[in-house]
Every structure is written in structure tokens, then in C-alpha cells.
Amino acid sequence: MLQVRGLARRFGGVTAVAGIDLDVAEGEFVSIIGPNGAGKSTLFNLMSGLDRPDAGSVRFDGVDVTGARPERLAALGLARTFQHGRVFGNLSVLDNVLVGAHTRLRAARPAVPVLGALLELALAAILPGSVRAEERALRADAEKILAMFGDRLLPRRDQPAFGLSYANRRRVEIARALALRPRLLMMDEPTAGMNETETAEMQELIAGLKARGQTILLIEHKLEMVMRLSDRVLAMDDGRRIAEGPPDAVRHDPAVIEAYLGHASMGQAEAAE
Amino acid sequence: MMLGPWLDYTVNGLIIGNIYALLAVGLALIFGVANLINFAHGSVYTVGAYIGWASITFLHTPLPITLLLVIVGCGLLGIAIERVGLRALHGRSRIAPLLATIGISLVLDQLVQLICSPDPRALPNQLGDRRFQIGGGTIGTLDILIAGIGIGSAALLYLFLRFTKLGWAVRATAQDQDAARQMGVDTDRVNMTVFAIASALGGVGGVLVGMYYNDIDPNMSFDATLKGVVAMMIGGLGNVPGAIGGGLLLGLTESYGIALFGSSYRNLFAFALLILILVAAPNGLFQRRRETPPEPLTGTFVARSRPVRLPPWLVAGAVVVAALLPLTNQPYLLQTLTNGLLSALLALSLTLVAGTVGQISLGHAALLAIGGYASGLLALDLGWPVDLGVPAAGLITAALGTLLVYPALRMRGHYVSIATLGIGQIVALVILNWTGLTRGAMGLTGLPPPEIGGFDLTSVRSVYWLVLALVVGIALLQARLLSSHLGRAWRAIREDDVAARSYGVDANRYKAMAFAFGGFGAGVGGAITAHVYSYIDYQTFSATLSILALTMVILGGLGNIVGAILGAVVLTALPEMFRFAADYRMLAYGLVLLLLIRYRPQGLLGTV
Ligand SMILES: Nc1ncnc2c1ncn2[C@@H]1O[C@H](COP(=O)(O)OP(=O)(O)OP(=O)(O)O)[C@@H](O)[C@H]1O
Ligand SMILES: [Mg+2]
């Protein structure tokens with residue numbers, strides 16, 4: 001489904017991503033691991049159209065989408081969450097999720113060239129039955145997605161997102177991504193800042209998605225979760241691939257151990273200063 | 001071709017360019033450390049000119065003392081602006097400090113006007129006017145002084161930034177405010193220093209310009225801010241050496257432009273250059289950079305808010321009362337309220353664009369001008385009936401407004417404000433200069449009154465009802481759009497356009513749709529206004545009105561429909577009722593804006 005070839009991105013002197021190859025097949029669960037600054041999020045940005053690569057190519061479903069605009073990738077069925085959270089603060093929880101369903105609007109967004117935007121305005125003003133029905137259906141679907149998070153989000157669906165706890169904002173991010181009905185779901189550290197119970201809950205939810213056959217690309221630092229869920233793991237360091245394969249093999253790969261240890265000891269040195 | 005005059009144009013361009021550079025360097029310094037375009041900068045420049053004038057006129061100071069007083073006075077003013085006006089806004093929504101500087105500039109301009117009278121003053125050139133022959137042209141003593149001060153202050157600034165501890169702190173803060181603070185840099189002190197330096201430079205620029213033209217007046221601020229901003233944008237936001245280059249380039253462009261086309265085109269060149277830069281090289285001519293926007297946490301653009309939910313019966317009741325008001329037979333009240341409701345048409349449009357979609361437009365009054373001229377010309381030149389011309393003017397404004405703002409659609413944050421400001425100015429200048437179509441400075445006179453189905457609406461009462469009906473109709477329509485998927489998409493773009501685009505919301509398209517709908521409403525408003533007053537010219541809908549409209553919208557709560565109408569009526573009608581003198585009125589608007597931003601950024605009814 002996804003084919004990444006030789007993807008590279010430099011920021012001034014730093015090479016954040018240095019020639020990464022990555023394939024994800026339909027229904028597969030692939031995780032990306034690596035120490036801080038390895039280039040994982042940059043890789044996501046390059047694949048989701050937020051940043052343009054200096055070299056390399058991205059194909060999605062056989063279509064070349066290198067440097068394509070994010071709108072286009074969303075329309076093709078790619079949804080992502082953001083590491084630091086990008087929920088719409090002044091929108092209600094439900095509206096956040098409904099924005100995720102934007103690409104699924106058909107009746108409200110007629111695919112007419114040139115005058116499409118005017119028609120869309122007119123339809124929103126007139127609100128014919130088809131548009132109303134579609135809106136109702138999407139709302140019902142959004143509530144179903146919220147219900148996947150137990151009573152974490154559903155009772156708060158009409159509250160503005162800025163008032164949510166950090167963990168709940170992460171959940172809204174995922175709910176919004178699910179509302180797109182993505183063909184490929186990309187999550188950037190969905191459990192960052194969550195405690196153990198919350199992490200376990202999230203892991204449960206992601207396992208459920210996997211069981212449903214959802215194709216998933218996951219960036220995660222919590223190795224236990226990666227090991228349990230992934231079909232395949234890509235380990236990165238300094239923008240390069242240092243190992244790839246089944247979770248167990250990657251975990252015991254000397255290069256991976258060294259990358260983590262090296263950074264860990266550096267971290268200790270910094271802390272000691 | 002004679003070389004002599006061209007040498008003069010070059011010298012002239014470089015001299016004016018020097019002044020622009022003085023302004024732009026200050027703006028760039030401030031942008032560097034505070035991430036803020038200081039719209040009060042031109043006002044500081046004006047204050048500088050007036051300090052110079054006062055000290056020459058009343059204290060008979062020699063030139064060095066005059067300059068010293070200006071530097072000290074404006075430096076202190078800069079510190080006051082930072083300390084009193086802006087520091088409290090740290091960590092608030094990105095737009096708050098920008099709006100605050102607009103408020104500060106209104107207040108300063110009005111204070112200057114109240115203290116020193118609005119009439120122009122002569123500012124004598126203290127060097128005498130000796131001119132030297134060089135090549136085929138001449139150069140005067142004042143030219144040399146301006147060039148000397150330009151080069152001297154650039155050198156001093158360089159030495160300061162390069163070799164002093166405080167200068168290092170300024171550079172560190174400009175690089176990365178958080179990192180600098182962690183390293184123990186007192187960023188508050190850095191901000192204060194930068195405002196002092198920038199303001200002193202701006203004030204010196206003001207005195208020098210005053211001497212150059214032997215003329216100062218309180219209205220010179222706005223132009224100065226704009227020119228400084230243009231010069232800074234040419235150099236790249238926050239790029240100090242770039243700002244010097246930008247200033248000189250702008251000065252030369254204007255000077256040659258005037259030589260070729262005449263002086264009424266002067267500002268047109270500046271703003272055309274601005275839009276060109278914004279579109280083609282938004283990082284300025286001197287740097288190349290491609291960056292992904294930082295990931296914000298939630299809701300950093302507008303203040304977090306839980307809007308006040310007015311019960312529908314209250315709103316409906318208010319409309320009924322408003323509709324019954326004409327029966328009380330109070331023509332003065334009706335007249336005042338009609339003016340308020342006409343402003344409400346502008347405010348509704350702006351609250352959609354600036355509030356709902358988050359595109360803080362600073363040139364929105366230009367839409368009124370387009371609507372007014374479109375309808376007026378349709379009536380005068382083509383003999384269209386007014387009841388056909390007004391909706392047509394709405395459509396024309398929607399189309400033309402969207403087209404004009406097109407280059408700004410892909411811009412973000414402060415860039416949008418600058419671009420719309422420039423576009424608004426361009427519209428006014430085109431109206432002024434395209435005499436064949438618009439009758440130029442004379443304006444359109446003898447416009448027919450509004451009519452419906454052949455009946456002229458001439459009574460105060462009927463005009464009131466017409467405008468009230470329009471406001472209610474457009475407000476209902478806008479409310480309906482907001483409750484649809486469009487409202488969601490618009491607000492998502494405002495909150496975080498990167499996330500919105502990642503979910504398939506084509507930001508440019510939806511922004512254009514908002515401008516089109518808003519353009520229609522504002523165009524109709526401008527058209528009706530023109531017909532009610534039977535006259536418009538290029539200044540009827542000025543930049544001041546754009547700022548006033550923004551104040552109304554913020555007062556009501558960004559994006560809040562009822563709030564916009566309330567804000568418009570309150571800000572138009574209250575000063576009228578209390579019979580404020582016009583000067584105090586603008587001062588009051590400035591203070592209202594400042595107080596709102598400081599104490600109630602979500603406005604009366606809350607951001608929606
Ligand atoms: N916009 C940018 N400008 C400059 N450098 C950047 C930018 N974005 C990322 N980098 C640099 O690229 C490198 C990779 O960053 P990236 O965020 O992709 O790492 P990551 O693997 O996601 O790390 P983490 O686990 O901390 O999220 C880092 O050195 C970072 O400083
Ligand atoms: Mg990351």
C-alpha cells in the first residue's frame with residue numbers, strides 16, 4: 001500500500017532523514033522506533049505532505065504522492081496524529097472528530113469543477129435533505145467512534161477541546177483520525193505523557209483496531225507495546241535505518257541496543273553536568 | 001537622456017530610503033525578539049517629530065540637543081510601550097500583542113493631535129539649506145546629515161549587537177527566546193532595550209523627515225508604519241541588515257517611480273512591491289528558508305473562550321424591539337442606529353473572516369469602497385435601478401474581493417494582516433488614480449437614494465428598516481453557514497491550519513469562500529451607505545474604518561454574530577449619543593481596544 005524509497009530531508013546542517021526505504025502492506029502493523037531526534041516524526045511529516053523531501057519518493061496505492069499536498073493525501077485515505085497534539089482547541093470534541101470526517105462529505109461537497117465552491121456555499125445555506133441526512137449519519141458515526149474510548153470522551157463531546165486533559169486530547173487526536181476511515185493510520189507516539197493505566201487502555205484500543213484489519217504505522221517509544229502489536233519494526237538512528245524486521249529480531253539487534261545505550265549514556269552524561 | 005535629474009532622483013531615493021531603513025531596522029529588531037509587528041512604530045516616529053518641533057520652537061535647542069531630546073524621549077516612550085502595553089500579553093494568543101500595538105498607535109496619534117492640534121506644522125531644518133554640486137546633480141547639507149545618521153546608527157547598532165553583553169543577549173533572544181531564558185538571559189530586559197533602541201531610531205527618523213519636508217502632522221504615522229513594514233518585509237521579517245537594504249530599495253523604487261509616473265503613484269509602488277514580496281519571497285530578498293510551522297498546543301490563535309449562549313427569545317425580542325423603534329418617532333436615534341447597523345454589515349463580514357476563519361484582515365473597509373463604487377457607477381454611468389445595482393455590487397465585491405485577496409490566501413498569521421492592509425491601500429489608491437472610471441479625488445456625487453421596486457426610500461424610517469432587514473437577513477444566513485460543515489472547516493483552519501489540511505480541509509478554498517460570502521455582505525453594506533449619503537470618495541471607507549471594524553468585532557467576540565452587531569451598534573452609537581468630539585472618539589476606540597485585549601480578549605459575548 002505504501003512504498004517509500006530513499007526519502008531524505010536536511011535542515012541546514014542536520015540530516016533528519018537520510019535515505020529511508022519503507023514498505024507497508026495492506027492490513028500490516030509496522031512500528032518505527034529510535035532514540036530522540038532519530039528523524040521519526042520528520043519521516044511522518046514527509047509522508048503526510050506537511051514537509052517536502054529533498055530526495056526520494058513516496059507512493060501510496062501505486063500513485064506517486066511525493067511532495068503532494070496534505071489535503072490530497074487525506075483524500076486518498078491517509079490519516080495521521082501529531083506527536084505534540086494538534087486538536088482544535090475552541091472546537092467541541094464532537095466537532096473535532098467531525099472535521100476528521102471532512103473527506104467523507106459527498107452531498108455537502110459536490111465534486112463540480114470551478115463552481116464547486118459556490119455550489120458548496122449555496123448547499124450549506126439551503127440545506128437540502130441529502131445534506132442533512134449525510135450530516136446526521138456522520139454525527140452518529142462520530143459518536144460511535146467516541147464510544148470506543150469508553151466514557152473518556154463521550155460525556156465531554158460538547159465541551160471545547162482546550163479544557164480536556166492531556167491524555168484526552170491524545171484520544172481526540174486518534175478519534176479524529178479514525179473518523180476519516182483511513183486506509184492507512186499513522187500515529188506519532190499516541191501514549192506520550194500517559195500513565196500506565198491509560199497506556200494499557202490505549203494499547204487495548206490499538207490492538208482492537210489491528211484486529212479489525214486496520215493498516216497501521218506507529219511511532220512509539222514504549223517498546224513493550226511495540227513488541228506486542230507490531231508485525232514488523234523499523235529502527236532508526238540519525239535519520240538512517242539501523243535495523244528492520246520482526247519485533248524480536250530488531251529488539252536484540254546489536255545496532256539497536258547500541259543506539260539506545262549510546263543515547264542513554266549521553267543522556268546520563270548531560271544529566272551529570 | 002539627461003543624467004543630472006536621475007542623479008537627483010537617486011540621491012533623493014537613497015535619502016528617503018535611509019529614513020525607511022531607520023524605521024525598518026527598529027521593526028526588525030522588535031520582530032526579532034518579540035515576534036511582533038509593531039503597528040505603533042509610526043506613531044513613535046510622529047511623536048519623535050513633534051518632540052523635535054517642540055524643542056526647537058519652545059526651547060530653541062541646537063541640532064545635537066534636539067536630536068538628543070528626541071532619542072531620550074522616544075526611547076522612554078518605547079520602554080513605556082513595552083512595559084505598560086505589551087509585557088502583560090506574554091504567552092497570550094499570538095494576535096493579542098499585534099492588536100495591542102494597533103490600539104497604542106490610535107491612542108498616541110490622538111494624543112499628539114489633541115496636544116499639538118491636527119494642523120500641519122513647519123519643522124525648520126536647523127542646518128540651513130546649502131546645496132553642493134556633484135556630477136550633474138546636487139546634494140544638500142540635510143541629505144548628508146540624514147545619510148550620516150543612517151550610516152552612523154547602523155554602525156553603532158552593529159557594534160552594540162556584536163560586542164556588548166546586552167547585544168549578545170538580544171541576538172540570543174532573537175534566535176530562540178526559550179533557550180535564551182534558560183541560559184539566564186533576562187528576556188524582559190532585552191525586550192525593553194530593543195523597544196528603546198527601535199523607538200529612538202524611529203523618532204530620529206521622524207524628526208529628519210520633518211526637516212526634510214519642513215512639514216509634520218499627526219497623520220503621518222500610518223504611512224510611516226506601512227513604509228517601515230514594507231521595507232522590513234523586503235529584507236525579511238526580523239532580518240536587521242536586510243531591513244537596511246529593504247529601506248534603501250524601497251526609497252529608490254519610490255523615487256524612480258515618481259520620476260516616471262508622477263507622485264500620486266508613490267504609495268502604489270510601495271504596496272505593489274509589498275504584495276510582490278509577500279507572494280514571491282515571503283522570507284525577504286536576502287534569505288532562503290523553508291520551514292515547517294511549529295506544532296502548537298491547543299487554541300493559540302484566539303483566546304480560549306466559552307461563548308455566552310443568548311436564549312433565542314432574547315435575540316428575537318431584541319429584533320422585534322428594533323423593528324418597532326421607528327414608531328417612537330425619534331429621527332436622531334434612528335439615524336444613529338442606522339449608522340450603527342451599516343457598520344454592522346462590515347462587522348459581520350469581518351467577524352467571519354477574522355473571527356471564524358482567523359484571517360485578521362486590516363483592509364476590510366476596502367470591500368465597502370468596492371461595493372459603494374460598483375453600485376454608484378452602475379447607477380450613474382449605466383442607469384441601473386438601485387435595487388438591482390446594490391445586489392450586483394455585492395456580487396462584484398465578492399468576486400473582486402476574493403480575487404484581490406487571492407495572493408494572501410496561502411499566507412499565515414501576521415503576513416495575512418500585512419497583506420490585507422496593503423491590498424486595502426492599493427484599492428484606495430487605484431480608486432484615487434483611475435480617474436477615467438472613478439472620477440478620482442472628486443468622488444461620486446449625486447447618487448440616487450436606495451429604492452425597492454421603484455419606490456425611493458428617502459425617509460429616515462424606511463432606510464432604517466431596510467438596513468435592519470439586511471443585517472438580520474445576512475446574520476441569519478451567516479449563522480446557518482456556521483452551523484454547517486463550513487463552520488467547522490473555517491474554525492478548524494483558524495485553530496490550526498496544518499491539522500485542518502492534514503484532514504483534507506483545503507484551507508485556501510475555504511478561506512476564499514469566507515471572503516466571498518463576507519465580500520458580498522460588505523459590498524452590499526458599502527453600496528447602501530453610498531446611496532444613503534448620496535456621495536462617496538476614496539476616503540469614505542478609510543483604513544481607520546478597517547481598524548474600527550476590528551475593534552467592534554473584538555468587542556463583540558471574534559466570530560460571534562450577535563456580538564459583531566452589538567459591537568458595531570455600541571461603538572457607533574454610544575459616542576454619538578454622548579456627543580463625544582471626534583478627537584476623543586478615536587482616543588476612546590484605542591483605549592477600548594487596549595482594555596479589551598488586556599482584560600477581556602474574548603470580547604463581550606465570547607469567541608465562537
Ligand atoms: N523544522 C525543523 N527545523 C530544523 N531541524 C529540525 C526540524 N524538524 C526536525 N529537526 C531536526 O531533525 C532531527 C529529527 O527530528 P524528529 O523530530 O524527526 O525526531 P524524532 O525521531 O521524532 O524524535 P522524538 O522521539 O524526540 O520525537 C532532530 O535533530 C531535529 O532537531
Ligand atoms: Mg517525534
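Since the model is a prediction, treat every value here as computed from it, not as a measurement. (Residues numbered from 1 in each chain as written. Chains lettered and ligands numbered in written order. Predicted model: local features only at pLDDT ≥ 70, side-chain atom pairs only at ≥ 80, totals over all residues. Heavy atoms only, no water.)

## Considering the overall build of chain B
Stated precisely, the cut-off is as follows: Strands here mean DSSP runs of E at least two residues long; helices mean DSSP runs of H or I at least four residues long; both are numbered from the N terminus. Every radius of gyration here is taken over C-alpha atoms, with the globule rule written as 2.2 Å times N^0.38, N being the number of residues. Note on classification: 1.4 Å probe, protein chains only; a residue is buried when its accessible area is under 20% of the maximum for its type, exposed when over 50%, partly exposed between these limits. By the convention used here, residues are in contact when the closest approach between their heavy atoms is within 4.5 Å. What sets the accessible areas is the Shrake-Rupley method with a 1.4 Å probe; for residues, cover comes only from the shown protein chains. Asp and Glu are treated as the negative residues and Lys and Arg as the positive ones, with His and the ends of the chain left uncounted. Just so you know, the charge point we use is NZ for Lys, CZ for Arg, CG for Asp and CD for Glu.
The helix and strand tally for chain B stands at 24 helices and six strands. A globule of 608 residues ought to have a C-alpha radius of gyration of about 25 Å, and chain B, at 25 Å, matches this closely. Viewed in the frame of its principal axes, chain B has a C-alpha envelope of about 70 × 55 × 45 Å. The 608 residues of chain B split such that 58% are buried. Taking the intrachain contacts of chain B between residues at least 6 apart in sequence as the baseline, contacts between residues at least 24 apart amount to 80%. Accessible surface for chain B amounts to roughly 24,200 Å². Of this, 67% is attributable to carbon and sulfur atoms. Taken together, the 35 basic and 27 acidic charged side chains of chain B have centroids lying 10 Å from each other.

## Section: the packing of helix α3 (residues 93–100) of chain A against helix α19 (residues 485–495) of chain B
What counts is decided by this rule: Axis geometry follows a simple rule: fit a line to the C-alpha atoms, using only the stretch in contact for helices, then measure angles between N-to-C directions, giving values from 0 to 180 degrees. Note on angle classes: values under 35 degrees are labelled roughly parallel, values over 145 roughly antiparallel, values of 65 to 115 roughly perpendicular, and the remainder oblique. For this scheme, ten residues count as nonpolar: Ala, Val, Leu, Ile, Met, Phe, Trp, Tyr, Cys and Pro. Four count as charged, namely Asp, Glu, Lys and Arg, and the remainder, Gly too, count as polar.
Between α3 of chain A and α19 of chain B, the least distance of the axes is 10 Å, while the angle of their chain directions is 95°. Relative to α19 of chain B, the element α3 of chain A is oriented roughly perpendicular. Only Arg-488, Arg-491 and Ala-492 of chain B of α19 of chain B make contact with α3 of chain A, whose side of the interface consists of Asp-95, Leu-98 and Val-99 of chain A. Grouping the amino acids of the contact of α3 of chain A with α19 of chain B by side-chain chemistry returns three nonpolar, no polar and three charged.

## With respect to the coordination of the magnesium ion (ligand 2)
Tetrahedral metal sites with four donors have an ideal angle of 109.5 degrees; octahedral sites with six donors have ideal angles of 90 or 180 degrees. Residue and element names in this part refer to chain A. Worth spelling out the cut-off: Distances decide who is a donor: an N, O or S atom must be within 2.8 Å of the metal, or within 3.2 Å for Na, K and Ca. Water is not included, so sites may look incomplete.
Looking at the magnesium ion (ligand 2), the protein donor atoms are Ser-41 (OG) and Gln-83 (OE1), and they sit 1.9 to 2.1 Å from it. Here Gln-83 lies in the loop between β6 (78–80) and α3 and Ser-41 lies in helix α1 (residues 40–47), a separation of 42 residues in the sequence. Each member of the pair, Ser-41 as well as Gln-83, carries the same accessibility label: buried.

## Focus on the pattern of salt bridges
Keep this limit in mind: Counted as salt bridges are all cases of a side-chain nitrogen of Lys or Arg within 4 Å of a carboxyl oxygen of Asp or Glu.
One pass over the full model with this rule turns up 31 salt bridges over all chains. Across the pair Arg-488 of chain B and Glu-135 of chain A runs a salt bridge whose closest N-O atoms are separated by 2.6 Å. Of this pair, Arg-488 of chain B sits in helix α19 while Glu-135 of chain A sits in helix α5 (residues 129–147), each in a different chain. On the basis of relative accessibility, which here comes to 5%, the residue Arg-488 of chain B falls in the buried class. With its nearest N and O atoms 2.8 Å apart, the salt bridge here joins Arg-439 of chain B to Asp-381 of chain B.

## Focus on the site of ligand 1
The line we're drawing: Definition of nearness: a residue and a molecule or strand are near each other if at least one heavy atom of the residue lies within 4 Å of the molecule or strand. Here a polar contact is taken to be a pair of N or O atoms separated by no more than 3.5 Å, where protein atoms must pair a possible hydrogen donor with a possible acceptor and residues adjacent in sequence count only if both atoms sit in side chains.
As a matter of local geometry, ligand 1 sits amid 14 residues, with Asn-36, Lys-40, Ser-41, Thr-42 and Gln-83 of chain A nearest to it. Residues within reach of ligand 1 are spread across chains A and B. Note that an oxygen atom of ligand 1 is positioned 2.8 Å from one of the side-chain N or O atoms of Asn-36 of chain A. Measuring from an oxygen atom of ligand 1, one finds a side-chain N or O atom of Ser-41 of chain A at 2.8 Å. Protein burial of ligand 1: of its 630 Å² of free accessible surface, 66% is covered by the chains. Those elements that place two or more of their residues in the shell around ligand 1 are β2 (14–24) and α1 of chain A.

## Some details on the domain arrangement of chain B
Residue and element names in this part refer to chain B. The line we're drawing: The split into domains, and so the bounds of each, comes from an automatic or database assignment of domains. Simply put, the buried area is the total loss of 1.4 Å probe accessible area from both parts when two parts are fitted together.
Each assigned domain of chain B is listed with its residue range as follows: domain 1 (14–280) and domain 2 (353–599). Placing the centre of domain 1 and that of domain 2 at their C-alpha centroids yields a distance of 31 Å. Each side of the interface is counted separately: domain 1 has 38 residues, and domain 2 has 33 residues. Contact with domain 2 buries area across many residues of domain 1, yet Leu-99, Leu-106 and Leu-114 alone supply 16% of it, more than any other trio. At the boundary of domain 1 and domain 2, one finds zero salt bridges. The tally of links from domain 1 across to domain 2 stands at one residue pair in polar contact (both at pLDDT 80 or more). For the side of domain 1 that touches domain 2, the secondary-structure elements that each account for two or more residues are α4 (95–116), α9 (220–235) and α11 (266–280). For the side of domain 1 that touches domain 2, the element with the most residues is α4, which contributes 14 residues. Across the side of domain 1 that touches domain 2, the residue classes tally to 30 nonpolar, six polar and two charged.

## A word on helix α8 (residues 187–213) of chain B
All names here are of chain B. To be explicit about the condition: How far a helix is expected to stretch is found by multiplying one less than its residue total by 1.5 Å.
An ideal rise of 1.5 Å per residue puts 39 Å on 27 residues; α8 measures up with 39 Å between its terminal C-alpha atoms. Of all 27 residues that make up α8, 21 are buried, and the element is covered over most of its length. In the stretch just after α8, Asn-214 is the one whose phi turns positive, near 50°.

## Structural notes on the packing of helix α10 (residues 240–261) of chain B against α11 of chain B
Packed helices, taken two at a time, are described by their axes: the angle between them and the distance between them. Residue and element names in this part refer to chain B. Selection criterion: Two helices crossing with the near one rotated counterclockwise from the far one by less than a right angle form a left-handed crossing, whereas a clockwise rotation gives a right-handed crossing.
The geometry of α10 relative to α11 is characterised by a closest axis approach of 8 Å and an angle of 135° between their N-to-C directions. Judged by the angle between their axes, α10 and α11 are oblique. Between α10 and α11 the crossing geometry is right-handed. Taken together, the residues of α11 that come into contact with α10 (itself represented by Leu-250, Thr-253, Glu-254, Gly-257, Ile-258 and Phe-261) are Arg-266, Phe-269, Ala-270 and Leu-273.

## Structural notes on the interface of chain A and chain B
Each partner contributes residues to the interface: chain A has 50 residues there, and chain B has 40 residues. Carbon and sulfur atoms supply 55% of the area that chain A and chain B bury against each other, a total of about 4,100 Å² over both sides. The interface formed by chain A and chain B holds six salt bridges in total. With its nearest N and O atoms 2.4 Å apart, the salt bridge here joins Arg-509 of chain B to Glu-120 of chain A. On the surface where chain A and chain B come into contact, there are 13 residue pairs in polar contact (both at pLDDT 80 or more). Listed by contribution, the elements that provide at least two residues to the side of chain A that touches chain B are α2 (70–76), β6, α3, α4 (116–126), α5 and α6 (166–179) of chain A. A total of seven residues in the side of chain A that touches chain B trace back to one element, the largest contributor, which is α4 of chain A. Its residues placed into classes, the side of chain A that touches chain B shows 23 nonpolar, ten polar and 17 charged.

## Details of the pairing of strand β9 (residues 232–237) of chain A
Residues and elements named next belong to chain A. We count it as follows: Think of it this way: DSSP has to see at least two bridges between two strands before they count as a pair.
In terms of residue burial, β9 counts as a mostly covered element, since six of its six residues are buried. The side-chain alternation of β9 yields two buried faces, one formed by Arg-232, Leu-234 and Met-236 and the other by Val-233, Ala-235 and Asp-237. Relative to β9, strand β3 (residues 29–33) runs parallel, the two being bridged by four bridges. Bridge pairing in β9 places Val-30 opposite Arg-232. Across five bridges, β9 lies against strand β10 (residues 240–245) in antiparallel orientation. When the sheet's bridge partners are listed, Val-233 is paired in β10 with Gly-245.

## A word on the sheet that holds strand β5 (residues 63–64) of chain A
Residue and element names in this part refer to chain A. Ordered in space as β2-β1-β4-β5, the four strands form an open sheet in which the pairing is antiparallel. Lying at the two open borders of the sheet, with one neighbouring strand each, are β2 and β5. Where strand β1 (residues 2–11) meets β2, eight bridges bridge the pair, whose relative direction is antiparallel. Opposite Arg-10, over in β2, you have Thr-15 as the bridge partner. Contacts between α1 and the sheet are confined to β1 and β2, with β1 contributing the most and set at about 115° to the helix.

## Considering the sheet that holds strand β7 (residues 184–188) of chain A
The strands making up a sheet are joined through hydrogen bonds of the backbone, oriented either antiparallel or parallel. All names here are of chain A. Across the sheet, which stays open at both edges, the six strands sit in the order β6-β7-β8-β3-β9-β10 with mixed pairing between neighbours. One side of each edge strand has no neighbouring strand; the edge strands of this open sheet are β6 and β10. Here the strands of the sheet are splayed against their neighbours by 15° on average, with no regard to which way each runs. Examined bridge by bridge, β6 and β7 share three bridges and lie parallel to one another. Across the sheet, the residue bridging to Ala-79 is Leu-185, located in β7. The strands touched by α6 are β6 and β7; relative to β7, the strand with the most contacts, the crossing angle is about 165°. Sheet contacts for helix α7 (residues 196–211): β3, β7 and β8 (215–219); angle to β8, the most-contacted strand, approximately 150°.

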